Amino acid sequence: MRRNDILKANKKWWNDVTPIHAKSKLYNLASFKKGKTSLEKTEITELGNNVRGKTLLHPMCHFGMDTLSWARKGAITTGVDLSDKAIEFAKELSKETHIPSTFICSDFNKLPKALNKKFDIIFMSYGVLCWITDINKWAKIISHFLKKGGTFYIIELHPFTNILSYDFKISYNYFDKGPDIDDSEGTYADWNAPIKSPTYVWSYTISNVINALTQQGLKIEYVHEFPFTMYDQFPGFMKINEKNQYVLKNKKIQIPLLFSIKATKQNFNTAKY
Ligand SMILES: C[S@@+](CC[C@H](N)C(=O)[O-])C[C@H]1O[C@@H](n2cnc3c(N)ncnc32)[C@H](O)[C@@H]1O
């Protein structure tokens, strides 16, 4: 399948799920509108509360709740997403909540042509790397948009979980890069949602991600792995703990479900995008 057709299919799926997600329990838009942050404790603790006055780029921002949550903390935010429906929704949400933010509809790979600005912080979260067509190009673009000394932070589904099917069986190749077709039904926010259109996804190992960043002159400050996640990734095998995190029910089988990376763009010249 041609890259353009893949992009079209992925865009269609994200346009279709945006209104479903906006009404879902998982996203809890009503609480957000009342002032509750949509950010999880992990990223608030790790990236820090000290974002006031800093410029923050949020690629793959979906319909903007996390972008606007950083803006509520004082960051000067720019959210970017492939889905025009999600970006329309994000702009409306920004207006309705009186939280200023820029939102741009663009394919991640084309962003250097659509946006001419450098940022103090780049934030990406939960379910983004599988849409990245080329991890090395991704890291180049991240480095391109970061100011020298700027911070890159990602919290993401752990690629180890890519080997498991929804019914928690070892089924897939950790080293398979894709693109793979996903024609499962429903969405991670609502497994019963009447939605079934194929998407095309890529997978990257932890070392792929780390090496891509370091090769672009980013200094990794840490990589963390977590035995919890924020959605029902393996229905029937997970429970919600006292911190409102999804964890595996079986205490003996604990695997990494999320990872985070914090990195700094070095203060010297590296390869230009
Ligand atoms: C799982 S969501 C991101 C999660 C986000 N933290 C949230 O929960 O709201 C993935 C987002 O990536 C966007 N996306 C997918 N492919 C993209 C691409 N090629 N360029 C830019 N955005 C893309 C989708 O439209 C979707 O909004």
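Please read these numbers as outputs of a predicted model, since none were measured by experiment.

With that settled, the discussion passes to the site of the ligand. Around the ligand, the structure places 17 residues, and the nearest of them are Y27, D81, D107, F108 and S125. In this structure, an oxygen atom belonging to the ligand sits 2.9 Å away from a side-chain N or O atom of Y27. L82 places a main-chain nitrogen or oxygen 3.1 Å from a nitrogen atom of the ligand. Surface burial for the ligand is 95%, taken as the share of its 600 Å² of free accessible area covered by protein chains. Per-class residue counts for the shell around the ligand are nine nonpolar, five polar and three charged.

As for its placement among the helices and strands, T264 is situated in strand β12 (residues 258–265). Under the relative-accessibility criterion, T264 is labelled buried at 18%. In terms of polar contacts, T264 uses its side chain to reach the side chain of E221, at 2.3 Å. Filtering out sequence-adjacent residues up to four positions away, T264 remains in contact with G149, G150, G217, L218, K219 and E221.

Attention now moves to the sheet that holds strand β8 (residues 218–226). Read across the sheet, seven strands follow the order β3-β2-β1-β4-β5-β12-β8 without closing on themselves; strand pairing throughout is mixed. The outermost strands of the open sheet, each flanked by one partner alone, are β3 (102–105) and β8. Ignoring which end each strand starts from, the neighbouring axes of this sheet average 15° apart. Summarising the sheet, strand β1 (residues 55–59) and strand β4 (residues 119–125) pair through two bridges and their orientation is parallel.

About the cut-offs
- Residues numbered from 1 in each chain as written.
- Predicted model: local features only at pLDDT ≥ 70, side-chain atom pairs only at ≥ 80, totals over all residues.
- Heavy atoms only, no water.
- Near = heavy atom within 4 Å.
- Polar contact = N/O pair within 3.5 Å; in protein donor to acceptor, adjacent residues only side chain to side chain.
- Areas by Shrake-Rupley, 256 points an atom, 1.4 Å probe, with all protein chains shown as cover.
- Nonpolar A, V, L, I, M, F, W, Y, C, P; charged D, E, K, R; others polar.
- Helix = DSSP H or I, 4+ residues; strand = E, 2+ residues; numbered from the N terminus.
- Buried < 20%, exposed > 50% of the residue type's maximum accessible area, 1.4 Å probe, protein only.
- Contact = heavy atoms within 4.5 Å.
- Pairing = 2+ DSSP bridges.
- Axes fitted to C-alpha atoms, helices over the stretch in contact; angles between N-to-C directions.

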